[in-house]
Amino acid sequence: MKTFAFSVFMGVVYFIWIQSIIIASGLFINRMSSTDTVTERFEITYVMKNGEVGIRSLEDQYFERTEKKFAESDLNKIKEGDTIKIDFQKGVFGKKYLNSGKINIME
């Protein structure tokens, strides 16, 4: 019984480890070549002084909490309720990503 429990435990640990490597590899490969630029509109839900900003997509209705993704000059301009446009790159697998890791406001 101990061998079976140990085998199950090691299988779960191995599965989690392999899954993490596969996801990281897939995201890396996705960024290897961008196929298109996608502009998406977001609503600013909150702005904190420490650089944390909450944004909600107006197209897909998903919420994102960002930390230190906006430039200091942009943080001084935006306020709650504003609508902004953000450019994303579309990768090999069609997943969107920020090209520079920072959010450049387009509007």
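Refer to the structure printed above.
Since the structure is predicted, the reported quantities are computational estimates derived from the model, not experimental observations.

A. Examining the sheet that holds strand 4 (residues 83-90) more closely. Read from one edge to the other, the open sheet built from five strands follows the order 3-2-1-4-5, with strand pairing classed as antiparallel. Every other strand in the sheet has two partners, leaving strand 3 (63-67) and strand 5 (96-97) as the edge strands with one partner each. Pairing between strand 4 and strand 5: two bridges, direction antiparallel. Each residue of the ladder has a partner; that of Gln89, found in strand 5, is Tyr97.

B. Molecular detail of the nonpolar core. Counting residues in each nonpolar core, the largest one holds 12 residues, listed as Phe42, Ile44, Val53, Ile55, Phe70, Leu75, Ile78, Ile84, Ile86, Phe88, Leu98 and Ile103. Looking at this core, the elements that each hand over two or more residues are strand 1 (36-47), strand 2 (52-57) and strand 4. Here the element with the most residues in this core is strand 4; it accounts for three residues. When near neighbours in sequence (up to four residues on either side) are disregarded, Val53 contacts Ile44, Tyr46, Val47, Glu64, Arg65, Thr66, Phe70, Leu75 and Ile78.

C. Spatial organisation of unusual backbone geometry. Of note in the backbone geometry, Lys68 takes a positive phi value of approximately 55° without being a glycine. Structurally, Lys68 can be placed in the loop between strand 3 and helix 2 (72-77).

D. Representation of the environment of Asn50 within the structure. Looking at the element boundaries, Asn50 is found in the loop between strand 1 and strand 2. Taking the C-alpha atoms as reference, Asn50 lies 33 Å from Asp36; in sequence the two are 14 residues apart. For Asn50, the side chain forms a polar contact with the main-chain nitrogen of Glu52, separated by 3.1 Å.

Calculation criteria
- Residues numbered from 1 in each chain as written.
- Predicted model: local features only at pLDDT ≥ 70, side-chain atom pairs only at ≥ 80, totals over all residues.
- Heavy atoms only, no water.
- Pairing = 2+ DSSP bridges.
- Helix = DSSP H or I, 4+ residues; strand = E, 2+ residues; numbered from the N terminus.
- Core = buried A, V, L, I, M, F, W, Y, C linked by side-chain atoms within 4.5 Å.
- Buried < 20%, exposed > 50% of the residue type's maximum accessible area, 1.4 Å probe, protein only.
- Contact = heavy atoms within 4.5 Å.
- Polar contact = N/O pair within 3.5 Å; in protein donor to acceptor, adjacent residues only side chain to side chain.

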